[in-house]
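The primary structure of each chain is shown beneath.
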Amino acid sequence: MRYTPAGVPISEARLGHESEQEEAGLSRQVICEIPLLGMGPVSTWLDAAPLGVMLEVTGFLAARSRNSRTLVLHVQEIEFLEGNQNG
């Protein structure tokens, strides 16, 4: 965790995704990692998340910076799914 000059906490992480999707009538395995950025209260939860924990995040995609076109998912909500396998 780091802090902005204004004292706002920021956490960065990577979200791993694995699924099987259908494309053009064929099954395709999808495996990827998405960089995450959490600011304010969300950063505390993101920073505390143990490696490998299942979670659901919502937020928005934005460029990493004005000089970069690399996408980062800015997390606005985070929900830990451990223990919620049955709803």
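As shown above, the structure is provided for reference.
Residues numbered from 1 in each chain as written. Predicted model: local features only at pLDDT ≥ 70, side-chain atom pairs only at ≥ 80, totals over all residues. Heavy atoms only, no water.

Q: I'm lost on helix α1 (residues 41-48) in this one. Help?
A: Turn by turn, an α-helix covers 3.6 residues, leaving residues three or four places apart pointing in a common direction. Taken together, the buried positions of α1 are Val42, Ser43 and Leu46. End-on, the buried residues of α1 take up no more than an arc of 100 degrees, which puts them together on one face. Those residues of α1 that are exposed and angled more than 90 degrees off the buried face are Pro41, Trp45 and Ala48. For α1, the elements touching its buried residues are β2 (9-23), β3 (26-39) and β5 (68-80). (Buried < 20%, exposed > 50% of the residue type's maximum accessible area, 1.4 Å probe, protein only. Helix = DSSP H or I, 4+ residues; strand = E, 2+ residues; numbered from the N terminus. Arc of directions from axis to C-beta. Contact = heavy atoms within 4.5 Å.)

Q: I tried to follow the pattern of salt bridges on my own but got confused; where do I start?
A: Proximity of charged atoms lets side chains of opposite charge pair with each other. Tallying each qualifying case throughout the model produces four salt bridges. Of the charged contacts, one joins arginine 64 and glutamate 12 as a salt bridge, the two residues approaching to 3.3 Å between their closest N and O atoms. Here glutamate 12 lies in strand β2 and arginine 64 lies in strand β4 (residues 55-65), a separation of 52 residues in the sequence. Classification of arginine 64 by relative accessible area gives partly exposed; the value is 44%. Accessibility expressed as a relative area gives 47% for glutamate 12, which makes it partly exposed. Between glutamate 23 and arginine 28 there is a salt bridge; the shortest N-O distance is 2.8 Å. (Salt bridge = Lys/Arg side-chain N within 4 Å of Asp/Glu carboxyl O.)

Q: Got a minute to help me understand the sheet that holds strand β1 (residues 2-3) in this structure?
A: What holds strands together in a sheet is hydrogen bonding between their backbones, with the strands either parallel or antiparallel. Across the sheet, five strands lie side by side as β1-β2-β3-β5-β4; this open sheet has mixed pairing. On the outer flanks of this sheet lie β1 and β4, each paired with one strand and no other. Here two bridges tie β1 to β2, and the two strands are oriented antiparallel to one another. Looking across to β2, one finds that arginine 2 is bridged to isoleucine 10. Running at roughly 125 degrees to β3, α1 makes contact with β2, β3 and β5 of the sheet. (Pairing = 2+ DSSP bridges. Axes fitted to C-alpha atoms, helices over the stretch in contact; angles between N-to-C directions.)

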